[in-house]
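So you can see what is in the structure, the chains are spelled out below.
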2 protein chains.
Amino acid sequence: MSVQLFEQQLSVVNVGLASFAEAIRDAKAPVVHLEWSPPAQGDRTVGMQLAELLVDKRVDAANQEAVSRLYAGQPILRGVAPAREVIPGIEDRMLLHAGPPIAWDAMSGPMQGAIIGAILFEGWAATPDEARRLAAGGAIRLEPNHHHAAVGPMAGVTSPSMPVWIVENQTFGNRAFSSMNEGLGKVLRFGAYDDEVLGRLRWMRDVLGPAMARALDTGGPIEIAPLIAQALHMGDEVHNRNVAASGLLFRRIAPALVRTGMDASDVAAVLEFISGNDHFFLNVSMASCKAMLDAAHGVPASSLVTAMARNGVDFGIRVSGLGYEWLTAPAPMIDGLYFPGYSAADANPDLGDSAIAETVGLGGFSMAAAPAIVQFVGGSPQDAVAYSREMLQITLGTSPAFTLPALSFTGAPSGIDARLVVDTGVAPIINTGIAHRQAGIGQVGAGLVRAPMACFERAIARLAETLAE
Amino acid sequence: MSVQLFEQQLSVVNVGLASFAEAIRDAKAPVVHLEWSPPAQGDRTVGMQLAELLVDKRVDAANQEAVSRLYAGQPILRGVAPAREVIPGIEDRMLLHAGPPIAWDAMSGPMQGAIIGAILFEGWAATPDEARRLAAGGAIRLEPNHHHAAVGPMAGVTSPSMPVWIVENQTFGNRAFSSMNEGLGKVLRFGAYDDEVLGRLRWMRDVLGPAMARALDTGGPIEIAPLIAQALHMGDEVHNRNVAASGLLFRRIAPALVRTGMDASDVAAVLEFISGNDHFFLNVSMASCKAMLDAAHGVPASSLVTAMARNGVDFGIRVSGLGYEWLTAPAPMIDGLYFPGYSAADANPDLGDSAIAETVGLGGFSMAAAPAIVQFVGGSPQDAVAYSREMLQITLGTSPAFTLPALSFTGAPSGIDARLVVDTGVAPIINTGIAHRQAGIGQVGAGLVRAPMACFERAIARLAETLAE
C-alpha cells in the first residue's frame, strides 16, 4: 500500500504537552490532544523500575497464581464468637485498630475516641480520662486488625470481649474476622463513646452476638459469595451501600433465629436491630474479602495488592509479594457529601479497613452496580458506571463470581496490580464514610477518595529491590 | 432572517413510504428516512376520531384530573382477612378470576385448572371431575376480580376462604384486595391443583393468613409506595422481579410477627415460607396499584387507562372515562424464555391481572430499574432501558413517587393515555410469566408481551362516541 502522506490534509494527534497542540490549533489545522503524563508521576527511578517489572515474566507468573487464588475464594460465614476465643494473637489489654500500625499519640481524634470507648467497654478504666491515661501510658497494646486476620470499618477497634463474625475461605481453609456493625449515628467506629454507645456494645455482646451464634449453629453456615453476587444485582456495591445484602442475610438468619427457641422478646429485639441497620452486612462482607485476599497473599514476586487500609493518618497497602510490609502515604481527605450542619472543615482524613472491599473489586470498583449510591456519595449514575470502567485498567482481570448488570454482566474489576496503577496513573477509587475529626462525635458524611499513588510507587520500588536480590 | 433554500445543498428527511427516500438516494443526494406509519394502523374512522380527541380540551382537562389522582395515591397495607369478610360482593359459591369476564367453556386450561382447585379447596366438590361438572353446570358464579376491587396474578382465582391483603388508598379512602402469593412451581395461579397445591392453600388459610393479620395488627400498617420506590432502586421492576421488595416487606413484618407471641414453630415456618418466595410482594404490589388506579377511574372524558387485564383468552383494558366497560381483543402470545423441557408450543396466551403494575408505571415500564431481569425475560440491559424510554411516549407524565436510577432518577412513565398509544403506535410493554396451556401443570417460562393495539383503538372509538353524545 502506498501512503501519500504529504498530499493529504494532516490530522494530528498530540500526546502529552498541550502547548504543541495549541500551536497546531493556532495554525487552524485539525488536532486532537490526548492527556498523558509519564508513569510514576515522572519519577525517573520508579519509572525505570516499573519498566523492568512490566516485562518481568516472574511477576506475570506470580500474579497469575495470586489472582487465581483470589478468584477461587469461597467465603462462608461459620459463626460468631467473642474475639478473645477466636482471633489469633489477641490478648488481654490489647486492642486492634484499622489501618497500618500507629501509636496512640499519632492517632486521629475518632480513633482515639474508639480506643477510649473500647477500654471503658472492657472495664479496664472507669472514666474517659482514665482510659486516655492508660492508652497514653502504654498499658494497652495497640495493633492493626490486619496483623490478626481481622478487619474493622472506620476506627475498626476490636476488643477481646466483642463478638466477631467468623468467615472461612472454604477453598484454602484460612479464616478472617470482623466485629459486628453497630448501625449509624453515635457509634464506636466513628469515635463516639458515650453511655448510649457503650450500652449498645454491651447488648451486642450479651444478646446480639450469642443470638447470631445460635442462629448460625441452628441454620447452618451461609455462603457469602453468592449473597454478594445477588446484592450487586440489587443496587449494592457492597461497601457503602449494603441495603440489599443486609436484607438477604436477614432473610437467611431470621427463620433460624426463631428456631433456636431463644426468648421471643430477645429474638424480636435482635430482628428489629438488624432490620433497622442497612449496613449490617458490611462487616460480614469485609471479613469475607479479607479471607479471600489472605489466600492470595505471600506469592513471591507478585504485584497483586492484598490490602488497602487507613488508620486516619496513614493510608497503607500490602502487596502479595512483599510479605507483611506496609507501603504507606498520608491518608487523603474525602470528596463527599456532608450531613446537615457539617462541612469539609469537620472531616477526618480517610479511615478504616473497609477498603478491603475495593481490594477484592467491590465498593468503588463495582459502582456501576449501584447507581442509587450517588445520592449518598455524590456524582451521577453515569459517573458510577465510568468508575467501574476506569478500574478495569488497573486490575489483573474480572471477578468470576461478581458481575455488573449495567456493564452487560461483565465481571467486577478485581485484583489490583500495583504495576498497572503506577503505569496508568489511575489510582483505586474508594467509597467511604467520613468521620468527624474529633473524638466522640461520629459520622459527618460519605464520599469518594483515591488511594494515594505514593503507596503504589513504593510498592514498585520495593518489589524491584526484592527481585534484584 | 433570509433563507436561501435553493442555493444550498438540500438535506432531505423522508417520512413514511421508503420508496421516496430510495429515489433520492439513487440520485446521490443525502436523505434520512424516518419510519412512520399512520395512527390507528391506517383505520380512517379511528384516525379521524383520534384527531378530534387529541385536540379536545375536555379530554385534556379530564386526564389532568385523573392522572393527578393517580399520582396522589398513597397505598397502605392495612391487614389480612378471609376474602368473604372483606371483598365487596363476594358470595358463597362464587369465584373471582383474572381479566375481563369469561364463561367456563371459553376459559383456557390454566384458568379452568385454577377454578377446579379453588372448588376443591372450598370443599364444594370432592374430586376434580365433580368440580369440573359443577363449574360447567353453572353452579359456581364466576366473576372478574376487577368487578370486586380485587386483582390476582395469572389465573387470579380468589375464593371466599382465601386470606387476602387489604390495601387502602389513604388519600381517597378506597380499598383494594389481592390473594397471597403461593411461590413458584406447582401453584394454583398457574392452573395446578394437586394435593401439594391444596395443602399449601390450606396452610395459607390456617397459618400464613392469620399470622400476617396478627403481625400487621401488632406492627401497624405499612406504607407501600416508599417500599416500591426503594425496590426500584434495588433492581426490581416490581412485577416479574420482586426480590428486593419481598425482602423489604419481610424485614418490616418479621420482628412484628415474633412479637405477636404466636407459636415459635409456626412463626419460623411462616418466615421460611416468605423468605423462600421472591415473589411474595407481587400480590401486595398489585393490590396497591389497583387501589391507586381505582381512585383515578370514573373521570368523564378521560382517556387514562385504569386497568389492563388478561383472562388467558381475551386481553381487556378499562379507561377512566368509559365507566366499567371492557375494551377487549384476543390475548397475545408471549415472547419469552422457557424453563428446561418447555417451548412456545406449551404456552398459554397472556394471562393475569398483574398488568395492573404496568398500568401504574411499574413492570415493563420500569424495566430500566431492573437490568438483571433480562436474564429471566430475555434481551439485554440496554433493551431494558430502551423500554422505559419508549413508554414515556405513551404516558401522561412520570410518577412523582417512583424513580429510575439508570435514567438519572427520572420518574417512571406513569398513566397510559389511550390516545397516545394509538397516535404513536407504541403498545404498552408488559413483563409476565408464561403458564402451560393445559390445566394442572404450571409455569413454563417468562417473557415480554405487548398489549393489543385493538383495545386502545376501541377505547378511542367509544370515547369519541361518548363525547359526541
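Residues numbered from 1 in each chain as written. Chains lettered and ligands numbered in written order. Predicted model: local features only at pLDDT ≥ 70, side-chain atom pairs only at ≥ 80, totals over all residues. Heavy atoms only, no water.

### Topic: the overall build of chain A
Within chain A, the regular secondary structure consists of 16 helices and 18 strands. At 23 Å, chain A has a C-alpha radius of gyration in line with the 23 Å of a compact globule built from 469 residues. With the C-alpha coordinates aligned to their principal axes, the bounding extent of chain A is approximately 90 × 50 × 45 Å. Within chain A, buried positions represent 61% of all 469 residues. For chain A, restricting intrachain contacts to residue pairs at least 6 apart in sequence, the fraction spanning at least 24 positions comes to 71%. Of the roughly 17100 Å² of accessible surface on chain A, 52% is carried by carbon and sulfur atoms. Separation between the mean location of the 32 positive side-chain charges and that of the 46 negative ones in chain A comes to 3 Å. (Helix = DSSP H or I, 4+ residues; strand = E, 2+ residues; numbered from the N terminus. Rg over C-alpha atoms; globule rule 2.2 N^0.38 Å. Buried < 20%, exposed > 50% of the residue type's maximum accessible area, 1.4 Å probe, protein only. Contact = heavy atoms within 4.5 Å. Areas by Shrake-Rupley, 256 points an atom, 1.4 Å probe, with all protein chains shown as cover. Lys, Arg positive; Asp, Glu negative; His and termini not counted. Charge placed at Lys NZ, Arg CZ, Asp CG, Glu CD.)

### As for the domain arrangement of chain A
Residues and elements named next belong to chain A. Each domain of chain A was delimited in the assignment, giving domain 1 (5-36), domain 2 (42-69 + 297-468) and domain 3 (71-286). For domain 2 versus domain 3, the separation of C-alpha centres amounts to 23 Å. On the side of domain 3, 46 residues touch domain 2, which itself brings 62 residues to the contact. Between domain 2 and domain 3, a total of about 3800 Å² is buried, with carbon and sulfur atoms accounting for 64% of that surface. Counting across the domain 2 and domain 3 interface gives 24 residue pairs in polar contact (both at pLDDT 80 or more). Of the residues forming the side of domain 2 that touches domain 3, the biggest block, eight residues, is contributed by strand S15 (residues 395-404). (Domains from an automatic or database assignment. Buried area = accessible area lost by both parts, 1.4 Å probe. Polar contact = N/O pair within 3.5 Å; in protein donor to acceptor, adjacent residues only side chain to side chain.)

### A short note on the nonpolar core
Counting residues in hydrophobic clusters, the biggest one holds 306 residues, and the most contacted among them are Met212(A), Phe456(A), Met212(B) and Phe456(B). Those residues within four positions of Phe456(B) in sequence are excluded, and the remaining contacts are Val305(B), Met308(B), Ile317(B), Ile416(B), Ala418(B), Val421(B), Val422(B), Pro428(B) and Ala451(B). (Core = buried A, V, L, I, M, F, W, Y, C linked by side-chain atoms within 4.5 Å.)

### Focus on the sheet that holds strand S18 (residues 443-450) of chain B
Residues and elements named next belong to chain B. With antiparallel pairing, three strands are arranged side by side in an open sheet as S13-S18-S17. For this open sheet the edge positions go to strand S13 (335-338) and strand S17 (429-435), each flanked by a neighbour on one side alone. For this sheet, the mean inter-axis angle between neighbouring strands, taken without regard to orientation, is 20°. As defined by bridge partners, S17 adjoins S18 across seven bridges and the pair is classed as antiparallel. For Ile430, the partnering residue across the bridge sits in S18 and is Val449. Its contacts with the sheet place helix H14 (residues 381-391) against S17 and S18, and it is angled at close to 45° to S18. (Pairing = 2+ DSSP bridges. Axes fitted to C-alpha atoms, helices over the stretch in contact; angles between N-to-C directions.)

### Here's the deal with the sheet that holds strand S12 (residues 327-330) of chain B
All names here are of chain B. Read across the sheet, four strands follow the order S12-S11-S10-S14 without closing on themselves; strand pairing throughout is antiparallel. In this open sheet, the two edge strands, each paired with only one partner strand, are S12 and strand S14 (351-352). Judged from the four bridges that link them, strand S11 (residues 314-319) and S12 form a sheet pairing that is antiparallel. For Phe315, the partnering residue across the bridge sits in S12 and is Ala329.

### Digging into the relation of the copies chain A and chain B
Superposition record for chain A on chain B: RMSD 0.3 Å, screw rotation 180°, translation along axis 0.0 Å. In symmetry terms, the pair is related by a two-fold rotation axis. Among all residues of chain A, the minimum C-alpha distance to the rotation axis is found for Met234(A), at 2.2 Å. In this assembly the copies share their binding face: 100% of the residues contributing to the interface of chain A also contribute to that of chain B. (Least-squares fit on C-alpha atoms with pLDDT ≥ 70 in both.)

### Remarks on the packing of helix H7 (residues 195-219) of chain B against helix H9 (residues 243-259) of chain B
All names here are of chain B. Running from N to C, H7 and H9 cross one another at 95°; their axes reach a closest spacing of 8 Å. Here H9 runs roughly perpendicular to H7, going by the angle between their axes. Two secondary-structure elements touch here, H7 through Ala211, Met212, Ala215, Thr218 and Gly219 and H9 through Ile253, Ala256, Leu257 and Arg259. Taken together, the residues of the contact of H7 with H9 break down into six nonpolar, two polar and one charged. (Parallel < 35°, antiparallel > 145°, perpendicular 65-115°, else oblique. Nonpolar A, V, L, I, M, F, W, Y, C, P; charged D, E, K, R; others polar.)

### A short note on the interface of chain A and chain B
In this complex, chain A contributes 34 residues to the contact, which on the side of chain B involves 34 residues. The contact between chain A and chain B buries some 2700 Å² in all, and 61% of this surface belongs to carbon and sulfur atoms. Three residues stand out in chain A for area buried against chain B, namely Met234(A), Arg251(A) and Arg259(A), and they jointly supply 23% of the buried area on that side. At the boundary of chain A with chain B, the tally comes to four salt bridges. Asp278(B) is the salt-bridge partner of Arg251(A), the closest N and O atoms lying 2.6 Å from each other. Summed over the shared surface of chain A and chain B, the result is 10 residue pairs in polar contact (both at pLDDT 80 or more). A breakdown of the residues in the side of chain A that touches chain B according to their chemical character gives 19 nonpolar, 10 polar and five charged. (Salt bridge = Lys/Arg side-chain N within 4 Å of Asp/Glu carboxyl O.)

### A short note on helix H2 (residues 44-54) of chain B
Residue and element names in this part refer to chain B. Within the span of H2, buried status applies to Val46, Gln49, Leu50 and Leu53. All buried residues of H2 lie within an arc of 100° about the axis, which places them on one face of the element. Within H2, the exposed residues directed more than 90 degrees away from the buried face are Arg44 and Glu52. Of the surrounding elements, those touching the buried residues of H2 are helix H3 (57-72), helix H15 (418-424) and helix H16 (453-468). The opening residue of H2, the one whose side-chain oxygen lies 3.0 Å from the backbone nitrogen of Thr45, is Asp43. (Arc of directions from axis to C-beta.)

### Considerations on the environment of Lys57(A)
Tracing the sequence through the fold places Lys57(A) in helix H3 (residues 57-72). Separated by 42 residues in the primary sequence, Lys57(A) and Val15(A) have C-alpha atoms spaced 29 Å apart.

### Considerations on the side chain of Ser302(A)
Locating Ser302(A) in the fold gives a position in the loop between helix H11 (282-295) and strand S10 (305-311). Owing to a relative accessible area of 0%, Ser302(A) belongs among the buried residues under this scheme.

### Digging into the packing of helix H5 (residues 109-122) of chain B against helix H6 (residues 128-136) of chain B
Residue and element names in this part refer to chain B. Close contact between H5 and H6 brings their axes to 9 Å; oriented N to C, the two are set at 110°. Between H5 and H6, the interaxial angle falls into the category roughly perpendicular. For the pair formed by H5 and H6, the contact residues are Gln112, Ile115, Ile116, Ile119 and Leu120 on the first element and Pro128, Ala131, Arg132, Leu134 and Ala135 on the second.

### Details of the confidence of the model for chain A
Summarising the model, chain A shows a mean pLDDT of 94, and 97% of its residues fall at 70 or more. For this predicted complex, the interface score ipTM comes out at 0.87, while the overall pTM is 0.90. (pLDDT = per-residue confidence, 0-100.)

### Regarding the packing of aromatic side chains
The geometry of an aromatic ring pair is captured by the separation of the ring centres together with the interplanar angle, meaning the angle of the planes. Residues and elements named next belong to chain A. In this structure the tally under the stated criterion is seven aromatic pairs over all chains. Taken together, a centroid distance of 5.7 Å and an interplanar angle of 80° make the contact between Trp165 and Phe280 edge-to-face. Note that Trp165 is positioned in strand S7 (residues 163-169) and Phe280 in the loop between helix H10 (264-275) and H11, a separation of 115 residues in sequence. Each member of the pair, Trp165 as well as Phe280, is classed as buried. (Phe/Tyr/Trp six-rings, centres within 6.5 Å; stacked < 30°, edge-to-face > 60°.)

### As for unusual backbone geometry
Look at Ser408(A): it is not a glycine, yet its phi comes out positive at around 55°. On the secondary structure map, Ser408(A) appears in the loop between S15 and strand S16 (410-416). One non-glycine residue with positive phi stands out, namely Phe409(B), at about 65°. Considering the arrangement of structural elements, one finds Phe409(B) in the loop between strand S15 (395-404) and strand S16 (410-416).

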